[in-house]
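Take a look at the letters that make up each chain.
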Amino acid sequence: MLRFLLRRFIQAIVVMVVISIISFSIQSQIGDPTQQLLSPTVNQSERDALRETLGLNDPVMVQYWHFLQGVAKGDFGVSYFHKEPALALILDKLPATLELIVCTLVIMILVATPCGVVAAIHPRSLFSRAVMLISSLGISVPIFIIAILMVYVFSIQMQLMPSFGRGETVHVFGSWETGLLSKDGLAHLALPVFSLSIAIMPIFIRLIRAEMLEVLESDYIRFAWSKGLSSARIYFIHALKNTALPIITIGGIQTGTLIAYTIFTESIFQWPGMGFLFIEAVGRADTPLISAYLIVVGCIFVLTNTVVDLIYGLANPTVKFESHTL
Amino acid sequence: MILSLLSSYSHAATLRMAFDNNIVSLDPHELLSESNLQFSHLVFDPLVRWKKDGSLEPRLATRWEQINAKTVRFYLREDVHFISGNEFSAKDVAYTLNRLKGSPDFRAMFDTIQGTKIIDPYTIDVISVAPNPLTLNIMTYVFPMDKAFYQGRDKIVKYGKTFASKNVSGTGAYYIVERQPGIKTVLKRNPDYWDNDSKGNVDKLILTPIRNASTRLAALLSGDVDFIFPISPIDIPRTKQVKGIKVRALQSSRITLLHMNESRNPALKDIRVRKAINLAINQRLIVEKILKGYGTAAGQLSADRFLGHDPKIQPEYDLSKARQLLKEAGYEANLNLSMMASNNRYVDDKLVAEVIAAMLAKVGIKVNLKTLPKAQYFQELDRRQADLMMMTWQSDTLDSNNIFEFLVACQNDDSGLGAYNASEYCNISINQAIRMANTEMNPERRIRLLQSIERTVYDDAAVVPLFWKSLNWAAKKTVHFEDVVNDQNYPHIDRLVISGDEGNNL
C-alpha cells in the first residue's frame, strides 16, 4: 500500500513536470502579455523595458529554470492581470468549481443509478426507451448548446433561474465561500449543474444498464432467485455491487472530463471558478496563471486516479495494488 | 396618496451594469484604456468632460481662459472633498498632471504639457511646451487625485501590486465598497458629492464584466442586469422586440481600416494597385450586411465630428475601374496578398476580414487570410507580418491629428510617429503638416491643414478606410441611459436617472 502511494507520488511529479514543460513551450504561441496591459500609444522602448523587467526577453530555457526555482519554493509566479500569486488565485476559485463538480456527481448518482438499473430490469418498457432516447441526445448534443438552451428556456423565457454568476455566498472557513447554504446560491447553482449532469449522465446510465443486463444473466443471480430472495435485494445488493468496477473506472476518467467541461460551463454561466479564471487568462495571455492552472489540474487528475484505484480495492478485495500501477 | 407622492420624488436605485471589459487597476494612470477611463469617470472627476453634442462641460474646473498661446488658466471648483475627507485644491491638479507625465501610457499625450503654475488655491495655469490647440482636449484626461492621500506611495508599476492600484481616493460620485477583480465591483454613491444639480438617482452600482456576448445578452433578458454594452448588431432586431428592453446606438469615431504594406510587397508600392484595392472594397455593403447598418462607411480616417473630416471624400466602389487599374499595373490575375485580422477583438471582426478577402477575389487578387485571437494578433501587427492588416484606432484627443500621427506619418522610432503605420507609407509633406497642425492656434487654418492631410492620404490611397462602428447599448426601459452616454463610451452614471417602475421588475 505504502509502496503504491509512493509510486503514485513519483508519477504525479513526473506528470506535473511534463505539463509544465508543455505549458512553457506553448507560451510563445499564446501571445505577448505586455500587449494587453499597455495602451497602443506607448512607445517601443517602454515596451521593451517592461518585457525586460518581466524577464520575457530571456530564452525560454532560462525562463523555465526561473519558474522551476520558484515552484521549488511553492511560488508559481504572479498573475499579470490579478497581481496576486497564481496558485493562491486558483485555490481561491477551487471551491466554486468543486461545488459544481460535487453537485453534478451527487445528481448523477441519484439519477443515473436508478435509471440504469430500471432500464436493465425492464429493457422494453416505455420508461426505459425514453431514458435511452434522452441519453442518446445527451451524448450527442455538445454541452454549450445544452447550456445555452437551458438559459434560454429557464432564464429568458420563464424567468425562473438566474442566468449567470454564483449569487449570494456564505462564508464557511478560510477562503471557502459556499453557494450551497443560501437560497440564492442554490438557484444560481441549478442551471450549470443540470447542464453538466445532462452532458455527463448518459454514459453512466448506459454503462450501468449494460453491466446490469450482463450480471442479471449470470448464474449466481439465477441462484439467488431460486433461493427466493427479495427482488430489491437481488437487484441492488447482489447485482448492482458487481457492476461497480467498470463504473468506478469510467467514473475516474469522467471526473477528469468533468473538469474540462467546467471550462465551458463556467464561461457560459460566468461562474467564478477555476475554469472561468483559466479561459480569461488565456484571453489575456496571462502565462503564469495558465501554467499554474494546468499544473493544478494535472495534480487533480493524478489524485482522482489514485483515489479510484484505492476504491477499487475496497469494492473488490481481490484487486492487489502492486499489480496495476504504472 | 402618500405613495404616489413618494414615487414622484427621485428614488434611490441600484444599477447592475455588465460591460465586456474589466477594470485592470484602481490606479487611473496605470493603463490608458476604455475600461479604466470609465472607471475614472465614476470615482474621480475630470477638470472638463465631453458632452454628447461634442461640447465641453465644466466639472472640477468651473471656467477657463486662454492667457496666451501656451497657457490656459483654469478656475477650480471650491468646497469639493475627496472621499478621504481631504479638501480639493490646485495642488491636487498640479500633482496629478505631474504624475500623468510620468505614466508610460499617458506620457504620449502629456509630453505636450510643460507644467503647471499655481496662482492661488483655486486657480492654476497649465503651460504647454509650444502653442497648443488641444490643451482642453487633453484636460479631459486629468482626473485630480488626492495628493495628501497618494503622495509618497504613488509609484506606477505595470503588473505590480502598488498602493495606488489597490486604494483610491477621488472626488467622484461613487466610491468602491467591494471589488473582486474580474468578477464584480460594487460602488455606492458619495453622499457628499458636490454636483447638486444632478438628477441622477443611481445609489448603488454593481459592475459585472461579462465577456461572452450571449451570456451578457441573456443576463439582460433574464433580468439579472439592467444595462449592457456592447450588444452585437445581429442580436439587435430581436432584442428590440422584447418588452421592457431598449437598444440605442451612437456612431463612434473609432476608425476601422486596412493597412497595405508597401515595404513587404512591392506590388503595393504601386499607387494603381492601392487605388484598385480601395475601389474593390465595398464599405457600404459591409456596413449594411455585416454591421446591419450599425456603423458608417468610411472613405477617410476622420469621423465627421473631427476637424480633419472632409465631406467631399466618400467611399468609392467601382469594380471595372479597379480591374482596369490592376491591368495597367500588370497584376491582372496574378496578385497574391497575405492578410491578417483579429477574430475576437471586436464584434464580427473575423467576418469583415473574410468578406474583404472575397471582395478582393472579385478583381483577381488572391488573398491568403489568417485571423488570430487578439492576444496573438497585436503581436503580429507590431511585427507587420502580413501585406494587409486590419486594425482600428480611436483618437484619444478626439482630434484628427492623433490618427495621422500614429497611422500615416512616416515612421520614426525616436519621436514615436507612425508607430502603427503598418502601410509603411511615407509622405514627407504629411509629417510637416502634422507638425504645423500641432501648434496652429487659428481654428480655420488648422481645419485646412488637417483636411489637406486627409486629402493627401486619400489621393495617395495610403490605406483603406473601412467604417466607423456604432456603439450599441441595451438596457431596461426604465434606465434612461440615452441621456448620459457619449461616443467615447464613458457613460456619465452620476447623471443617470432610473425611473420609478423599476421596483416592479425586481
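Because the structure is a prediction, the values reported are computed rather than measured.

Student: Help me out: how do you make sense of the overall build of chain B in this one?
Tutor: A tally of regular secondary structure across chain B gives 18 helices and 17 strands. For chain B, whose C-alpha radius of gyration is 24 Å, the value lies close to the compact-globule estimate of 23 Å for 506 residues. A principal-axis box enclosing the C-alpha atoms of chain B has dimensions of 80 × 55 × 40 Å. Within chain B, the fraction of its 506 residues that count as buried is 58%.

Student: Sorry, what's going on with the side chain of Gln394(B) here?
Tutor: When you line up the elements, Gln394(B) lands in the loop between β16 (388-393) and α15 (400-407). Only 3.0 Å separates the side chain of Gln394(B) from the side chain of Ser253(B), close enough to count as a polar contact.

Student: Would you take a moment to explain the UniProt feature "domain: ABC transmembrane type-1" (unreviewed entry) in chain A for this structure?
Tutor: The feature "domain: ABC transmembrane type-1" (unreviewed entry), as given by UniProt, occupies residues 94-312 of chain A in the numbering adopted here. Strand forms 3% of residues 94-312 of chain A and helix 80%; the C-alpha atoms that close the span are 26 Å apart.

Student: What exactly am I supposed to notice about the interface of chain A and chain B here?
Tutor: Often, the extent of an interface is quoted as the loss of accessible area on bringing the components together. The interface of chain A with chain B comprises 42 residues on the first partner and 43 residues on the second. Both faces combined, the contact of chain A with chain B buries some 3600 Å², and carbon together with sulfur accounts for 54% of it. Our count for the chain A to chain B interface comes out at 5 salt bridges. Across the pair Glu84(A) and Lys161(B) runs a salt bridge, and its minimum N-O distance is 3.4 Å. Where chain A touches chain B, the interface holds 15 residue pairs in polar contact (both at pLDDT 80 or more). Residue contributions to the side of chain A that touches chain B peak at 5 residues, all from helix α13 (residues 274-284) of chain A. Here the residues of the side of chain A that touches chain B are counted per class, giving 19 nonpolar, 15 polar and 8 charged.

Student: Just checking my understanding: could you explain the UniProt feature "domain: Solute-binding protein family" (unreviewed entry) in chain B for this structure?
Tutor: UniProt's entry tags residues 56-413 of chain B with the feature "domain: Solute-binding protein family" (unreviewed entry), counted in the numbering of this structure. Overall, residues 56-413 of chain B shows 29% helix and 26% strand. The separation of its end C-alpha atoms is 34 Å.

Student: Explain the domain arrangement of chain B to me, please; I cannot follow it from the model alone.
Tutor: All names here are of chain B. Split by domain assignment, chain B resolves into domain 1 (14-207 + 478-498) and domain 2 (251-469). At the interface, 16 residues of domain 1 touch 13 residues of domain 2. Taken together, both faces of the contact between domain 1 and domain 2 bury some 1300 Å²; the carbon and sulfur share is 59%. The largest contributions to the domain 1 side of the interface with domain 2 come from Pro133, Leu134 and Asp487, which together make up 42% of the buried area. Here domain 1 is connected to domain 2 by 3 residue pairs in polar contact (both at pLDDT 80 or more). Per-class residue counts for the side of domain 1 that touches domain 2 are 10 nonpolar, 5 polar and 1 charged.

Student: Would you mind showing me how to read a positive patch on the surface here?
Tutor: Judged by side-chain charge, Lys52(B), Lys240(B), Lys243(B), Arg248(B) and Lys477(B) come together as a positively charged surface patch. Considering the arrangement of structural elements, one finds Lys477(B) in the loop between β17 (463-476) and α18 (502-505).

Student: Sorry if this is basic, but what is going on with the environment of Val24(B) here?
Tutor: Take Val24(B): it is sitting in the loop between β1 (13-19) and α2 (34-43). Along the sequence, Val24(B) and Gly170(B) sit 146 residues apart, while their C-alpha atoms lie 17 Å from each other. In contact with Val24(B), other than residues within four places in its own chain, are Leu37(A), Phe81(A), Lys83(A), Leu31(B), Asn36(B) and Arg179(B).

Student: Is there a simple way to explain helix α17 (residues 443-459) of chain B in this structure?
Tutor: Side chains of residues three or four places apart in an α-helix project in the same direction, reflecting 3.6 residues per turn. All names here are of chain B. With 17 residues, α17 should reach 24 Å at 1.5 Å per residue; the first-to-last C-alpha distance of 24 Å fits that figure. Those residues of α17 that fall on the buried side of the exposure criterion are Arg446, Leu449, Leu450, Ile453, Glu454 and Val457. One side of α17 carries all its buried residues, which in axial view fall inside an arc of 135°. Exposed side of α17, more than 90 degrees from the buried face: Glu444 and Arg448 are the residues found there. Against α15, α16 (428-439) and β17 lie the buried residues of α17. For α17, the capping residue at the N-terminal end is Asn442, with a side-chain oxygen 2.9 Å from the backbone nitrogen of Glu444. Looking at the residues trailing α17, positive phi occurs at Ala461, about 45°.

Student: What exactly am I supposed to notice about a nonpolar patch on the surface here?
Tutor: Among the surface-exposed residues, Leu6(A), Phe9(A), Ile10(A), Ile13(A), Val14(A), Val17(A), Val18(A), Ile21(A), Ile22(A) and Ile26(A) lie close enough to one another that they form a single nonpolar patch of about 880 Å² accessible area. Along the chain, the position of Val17(A) falls in helix α1 (residues 2-25).

Student: Got a minute to help me understand the nonpolar core in this structure?
Tutor: The tendency in soluble globular proteins is for nonpolar side chains to be buried side by side. Residues and elements named next belong to chain B. Among the nonpolar cores identified, the biggest contains 74 residues, and Ile277, Ile281 and Ile356 are the most heavily contacted of them. Per-element tally for this core: the top contributor is helix α13 (residues 349-361), with 6 residues. Not counting the four nearest positions on each side in its chain, Ile356 is found in contact with Leu258, Ile281, Ile286, Met339, Met390 and Leu466. Among the nonpolar cores identified, the runner-up in size contains 66 residues, and Phe88, Ala173, Leu187 and Ile493 belong to it.

Student: Explain the packing of helix α7 (residues 126-140) of chain A against helix α9 (residues 183-216) of chain A here, please?
Tutor: Each pair of packed helices can be described by the angle between their axes along with the distance between the axes. All names here are of chain A. As a packed pair, α7 and α9 sit with axes 8 Å apart at the nearest point and diverge in direction by 135°. By the criterion of interaxial angle, the relationship of α7 to α9 is oblique. For the element pair α7 and α9, the recorded crossing hand is left-handed. Here Val131, Met132, Ser135, Ser136, Gly138 and Ile139 of α7 lie close against α9, whose contacting residues are Ile198, Ala199, Pro202, Ile203, Ile205, Arg206 and Arg209. The class makeup of the residues in the contact of α7 with α9 is 8 nonpolar, 3 polar and 2 charged.

Student: Help me understand the environment of Ile313(B) in this model?
Tutor: All names here are of chain B. With respect to the helices and strands, the residue Ile313 is situated in the loop between β13 (295-297) and α12 (319-329). Sequence-wise, Ile313 and Ala249 are 64 residues apart; in three dimensions their C-alpha atoms are separated by 24 Å. In this structure, Ile313 is in contact with Gly299, Gln300, Glu454, Arg455 and Tyr458, ignoring residues within four places of it in sequence.

Student: Would you take a moment to explain the pattern of salt bridges for this structure?
Tutor: For side chains of opposite charge, pairing can occur when their charged atoms come near one another. Residues and elements named next belong to chain B. In the structure shown here, the tally under the stated rule is 36 salt bridges over all chains. The salt bridge partner of Asp27 is Arg99, with a shortest N-O separation of 2.8 Å. In this pair, Asp27 sits in the loop between β1 and α2 while Arg99 sits in helix α3 (residues 90-101), placing the two residues 72 residues apart along the sequence. Here Arg99 falls in the buried class, since its relative accessible area comes to 7%. Linking Arg272 and Asp270 is a salt bridge whose minimum nitrogen-to-oxygen distance equals 3.0 Å.

Student: Help me understand the state of the cysteines, please; the structure alone is not making it clear to me.
Tutor: What makes a disulfide is a covalent bond joining the sulfur atoms belonging to two cysteines. All names here are of chain B. Within this structure, the stated rule accounts for 1 disulfide over all chains. With its sulfur 2.0 Å from that of its partner, Cys410 forms a disulfide with Cys426. In this structure, the disulfide formed by Cys410 and Cys426 twists by about 95° around the S-S bond and is classed as right-handed. Taken together, the positions of Cys410 in the loop between α15 and α16 and Cys426 in the loop between α15 and α16 put the pair 16 residues apart, joining distant regions of the chain.

Student: How should the domain arrangement of chain A be read in this particular structure?
Tutor: If you check the domain split of chain A, you get domain 1 (2-34 + 47-72) and domain 2 (91-283). The straight-line distance from the C-alpha centre of domain 1 of chain A to that of domain 2 of chain A is 34 Å.

Student: In this structure, what is going on with the UniProt feature "transmembrane region" (unreviewed entry) in chain A? I would like to understand it.
Tutor: All names here are of chain A. As annotated in UniProt, the feature "transmembrane region" (unreviewed entry) corresponds to residues 12-30, 98-121, 133-154, 186-208, 243-264 and 290-312 in the numbering used here. With 95% helix and 0% strand, residues 12-30 has its two end C-alpha atoms placed 26 Å apart. As annotated, residues 98-121 comprises 100% helix and 0% strand, and the C-alpha atoms at either end are separated by 34 Å.

Student: In this structure, what is going on with the sheet that holds strand β4 (residues 61-68) of chain B? I would like to understand it.
Tutor: Strand pairing within a sheet occurs via backbone hydrogen bonds; the two strands may be parallel or antiparallel. Residues and elements named next belong to chain B. Pairing is antiparallel in the open sheet, where 4 strands are placed in the order β4-β5-β7-β6. In this open sheet, the two edge strands, each paired with only one partner strand, are β4 and β6 (113-120). With strand direction ignored, the average angle separating the axes of adjacent strands in the sheet is 20°. In this fold α3 packs onto β5 (71-76), β6 and β7 (123-128), with an angle of close to 170° to the strand it touches most, β6.

The rules behind the values
Residues numbered from 1 in each chain as written. Chains lettered and ligands numbered in written order. Predicted model: local features only at pLDDT ≥ 70, side-chain atom pairs only at ≥ 80, totals over all residues. Heavy atoms only, no water. Helix = DSSP H or I, 4+ residues; strand = E, 2+ residues; numbered from the N terminus. Rg over C-alpha atoms; globule rule 2.2 N^0.38 Å. Buried < 20%, exposed > 50% of the residue type's maximum accessible area, 1.4 Å probe, protein only. Polar contact = N/O pair within 3.5 Å; in protein donor to acceptor, adjacent residues only side chain to side chain. UniProt positions renumbered as here; feature names shortened; annotations may be inferred. Contact = heavy atoms within 4.5 Å. Buried area = accessible area lost by both parts, 1.4 Å probe. Salt bridge = Lys/Arg side-chain N within 4 Å of Asp/Glu carboxyl O. Nonpolar A, V, L, I, M, F, W, Y, C, P; charged D, E, K, R; others polar. Domains from an automatic or database assignment. Patch = residues over 30% accessible without salt bridge, like charges linked within 9 Å, V, L, I, M, F, W, Y side chains within 5 Å. Areas by Shrake-Rupley, 256 points an atom, 1.4 Å probe, with all protein chains shown as cover. Lys, Arg positive; Asp, Glu negative; His and termini not counted. Charge placed at Lys NZ, Arg CZ, Asp CG, Glu CD. Expected span 1.5 Å × (residues − 1). Arc of directions from axis to C-beta. Core = buried A, V, L, I, M, F, W, Y, C linked by side-chain atoms within 4.5 Å. Axes fitted to C-alpha atoms, helices over the stretch in contact; angles between N-to-C directions. Parallel < 35°, antiparallel > 145°, perpendicular 65-115°, else oblique. Left-handed = near helix turned anticlockwise from the far one by under 90°. Disulfide = S-S within 2.5 Å. Pairing = 2+ DSSP bridges.

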